[in-house]
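Report on the structure
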Amino acid sequence: MLVPPPVDAAHLPALLQAMPKAELHIHIEGSLEPELIFELAERNGVRLPYASVEALRSAYAFSDLQSFLDIYYAGASVLLHEQDFYDMARAYLARAAGDNVVRAEIFFDPQTHTARGVSMQTVIQGLHRACVDAQRESGISAALILCFLRHLSEEEAFATLEQALPLRDQFIGVGLDSSELGHPPEKFERVFARCRELGLHRVAHAGEEGPPAYIWSALDVLHAERIDHGVQALKDEALVARLASERVPLTVCPLSNQKLCVFPDLARHNLRQLLDAGLCATVNSDDPAYFGGYINDNFLQVFAATGMTPAHAWQLARNSFQASFAPEADKRAWEVRLKSVFSDFSGR
Ligand SMILES: [Zn+2]
């Protein structure tokens, strides 16, 4: 079904919250709320460089990606035991289910933890157990994507992959995140080729702060199936044509882009233009504890700022299902559910 049941714009905020959706760009370490950071710090005897929850939260005024990453890594330092990773993921999945997320593909950064002496097994098993329990209790479908930190070397990425392979059945793919500028996708060509041989899904951050050239190489060199962010694509007409014709998904994160000054304000965010150009754009929260909101906050604020319509909401939800790595039968079931929510609102 290509055309959604008509919904009065007055119902748009309620519709955005109620509609089922997939979240495909969420760094689990970026869902750590200051309250949980302090709770885990106390539980584990970790000393934090912030005096209180309020002091930590007030440090969340970032000027660019790097200023955010510095605080992000400090926050992650409280994660030591399997139960810590479990608690973090359960907290995120509970909030996501509350936002009517039916599928979450969750990024995690093992190198942030293994570098501190935490074992790969501790990280993956804690996160995976949370996904299994959340699915059983709330029905949310959840899967893990292991991300390589691009400011580190490809050799270190290979070592990380080797450590993770015994747990291969507990994650579905690999990604590339952290500082983009100066670390082009080409740096990870060989390790992504190996992941492709292993049958792992591949995604990569590209075109957040970096140039369209990074999106081209994420596609051609890394064989990425999805581009995380990708908002710089509109600077390159030939790239837009390719992304549209191949239906390459872009996992866009409006509040993150605003907070990290990728756009001067949300009203000038280009999500609407990406959709109008025929691209498979989706809405996601990136690092919700740090950027001022979870997925529904992203939907509500970017729609309010840019004047998008119920038809855009329909397109974004459908895009999120199509862009996910979930089984086709699940995608069809979520589309049916989407249509039913739109039909409910259509009758109001
Ligand atoms: Zn991200």
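This is a predicted model, so every value here is computed, not measured. Note on numbering: residues in each chain are counted from 1, in written sequence order. In view of the model being predicted, local features appear only for residues whose pLDDT reaches at least 70, and side-chain atom pairs are presented and counted only at 80 or more, with totals across whole chains, interfaces and linings using the full set of residues.

1. A few points about the overall build of the chain
Put simply, the test is: Secondary structure elements are taken from DSSP: a helix is a run of H or I of four residues or more, a strand is a run of E of two residues or more, and numbering for both begins at the N terminus. Just to be clear, the radius of gyration here is over C-alpha atoms, and the globule rule we use is 2.2 Å times residues to the power 0.38. Labels follow a simple rule on C-beta atoms placed from the backbone: if 20 or more others lie within 10 Å of a residue's own, it is buried; if 12 or fewer, it is exposed; otherwise it is partly exposed. Note on contacts: each residue gets a C-beta atom placed from the backbone, and two residues are in contact if those atoms are within 7 Å.
Each helix and strand in the chain was counted, giving 17 helices and 8 strands. Relative to the compact-globule value of 20 Å for 348 residues, the chain shows a C-alpha radius of gyration of 19 Å, a close match. C-alpha atoms of the chain, sized along the principal axes, occupy 55 × 40 × 40 Å. Looking at the chain as a whole, 49% of its 348 residues qualify as buried. Long-range contacts, defined as pairs at least 24 residues apart, comprise 76% of the intrachain contacts of the chain with a sequence gap of at least 6.

2. What to know about the environment of Glu162
Within the secondary structure, Glu162 sits in helix H8 (residues 154–164). The class for Glu162 is exposed, based on 11 C-beta atoms found within 10 Å. As a C-alpha pair, Glu162 and Arg47 span 115 residues in sequence and 32 Å in three-dimensional space.

3. Re the packing of H8 against helix H9 (residues 189–197)
Defined as follows: Axes, fitted as lines to C-alpha atoms, cover a helix only where it is in contact. Angles between the N-to-C directions of the axes lie from 0 to 180 degrees. Note on terminology: angles under 35 degrees are roughly parallel, angles over 145 are roughly antiparallel, angles of 65 to 115 are roughly perpendicular, and the others are oblique. Gly falls in the polar group here, along with every residue not listed as nonpolar (Ala, Val, Leu, Ile, Met, Phe, Trp, Tyr, Cys, Pro) or charged (Asp, Glu, Lys, Arg).
Remark: H8 packs on H9, axes separated minimally by 8 Å, with the N-to-C direction vectors making an angle of 25°. Considered as vectors, H8 and H9 are oriented roughly parallel to each other. Packed against H8, whose contacting residues are Glu154, Ala157, Phe158 and Leu161, the element H9 presents Arg190, Val191, Arg194 and Cys195 at the interface. Split by residue class, the contact of H8 with H9 holds 5 nonpolar, no polar and 3 charged.

4. So, the nonpolar core
This is how it is decided: The nonpolar core criterion groups buried Ala, Val, Leu, Ile, Met, Phe, Trp, Tyr and Cys residues into a set whenever they are joined through C-beta atoms within 7 Å.
Grouped together as the largest cluster of nonpolar side chains are 104 residues, with contacts concentrated most on Ala89, Ile106 and Leu127. Per element, the largest residue contribution to this core is 7 residues, and it comes from strand S3 (residues 141–149). For Leu127, the residues in contact, after removing those within four places along its chain, are Ile28, Phe85, Ala89, Phe108 and Leu144.

5. Looking at the sheet that holds strand S7 (residues 249–252)
Rules: Should DSSP find at least two bridges between two strands, the strands are regarded as paired.
Taken in spatial order, the 8 strands make up an open sheet running S1-S2-S3-S4-S5-S6-S7-S8, and their pairing is parallel. Strand pairing shows two members of the sheet lacking a second neighbour, strand S1 (21–27) and strand S8 (280–283), which therefore form its edges. Strand after strand, the sheet turns through a mean of 25° between neighbouring axes, direction not considered. Here S7 runs beside S8; their pairing, made up of 4 bridges, is parallel. Bridge pairing in S8 places Pro249 opposite Cys280. In this fold helix H5 (residues 82–98) packs onto S1, strand S2 (101–108) and S3, with an angle of close to 150° to the strand it touches most, S2.

6. Overview of the UniProt feature "active site" (unreviewed entry) in the chain
Stated formally: UniProt positions are given in the numbering used here, feature names are shortened, and annotations may be inferred rather than shown by experiment.
Mapped onto the present numbering, the UniProt feature "active site" (unreviewed entry) falls at Glu208. When you line up the elements, Glu208 lands in the loop between strand S5 (201–206) and helix H10 (212–220).

7. Quick look at the packing of H5 against helix H7 (residues 120–138)
Threshold: Two helices crossing with the near one rotated counterclockwise from the far one by less than a right angle form a left-handed crossing, whereas a clockwise rotation gives a right-handed crossing.
At a minimum axis distance of 7 Å, the contact between H5 and H7 shows a crossing angle of 35°. Relative to H7, H5 is oriented so that their crossing is right-handed. Residues Glu82, Gln83, Asp84, Phe85, Tyr86, Ala89, Arg90, Leu93 and Ala97 of H5 pack against Thr122, Val123, Gln125, Gly126, Leu127, Arg129, Ala130, Cys131, Asp133, Ala134 and Ser138 of H7. Considering only residue class, the contact of H5 with H7 consists of 10 nonpolar, 5 polar and 5 charged.

8. Considering unusual backbone geometry
The phi dihedral of Ser178 falls on the positive side, at around 80°, and the residue is not glycine. Along the chain, the position of Ser178 falls in the loop between strand S4 (173–177) and H9. Despite not being glycine, His223 has its phi angle at roughly 55°, a positive value. For His223, the position within the fold is in the loop between H10 and strand S6 (226–229). Here His223 falls in the partly exposed class, since 14 other C-beta atoms lie within 10 Å of it.

9. Topic: the pairing of S2
Within S2, 8 of the 8 residues are buried, which leaves the element mostly enclosed by the surrounding structure. Where S1 lies against S2, 5 bridges are found, and the strand directions are parallel. Within the sheet, the bridge partner assigned to Ile26 lies in S2 and is Ile106. In this sheet, S3 lies alongside S2 in parallel orientation, the contact comprising 6 bridges. Bridge pairing links Ala104 to Ala142 in S3.

10. Concerning helix H2 (residues 34–44)
Here is the rule: Our arc is simply the arc of the directions from the helix axis toward the C-beta atoms.
For H2, the full list of buried residues reads Pro34, Leu36, Ile37 and Leu40. Relative to the axis of H2, the buried residues are bounded by an arc of 160° and lie together on one face. Of the surrounding elements, those touching the buried residues of H2 are helix H3 (53–58), helix H4 (65–76) and H5. Positive phi appears at Gly45, one or two residues downstream of H2, with a value of about 65°.

11. Quick look at helix H15 (residues 295–306)
Helical geometry: 3.6 residues make up each α-helical turn, so side chains three or four residues apart lie on a common side. What counts here: What a helix is expected to span follows from its residue count: subtract one and scale by 1.5 Å.
Here H15 spans 17 Å end to end across 12 residues, near enough to the 16 Å set by a 1.5 Å rise per residue. Where H15 is concerned, the buried positions are Ile295, Asn296, Asn298, Phe299, Val302 and Phe303. Along the axis of H15, the buried positions cluster into a sector of 155°, meaning they face one direction only. Count one or two residues on from H15 and you reach Gly307, which has phi positive near 70°.

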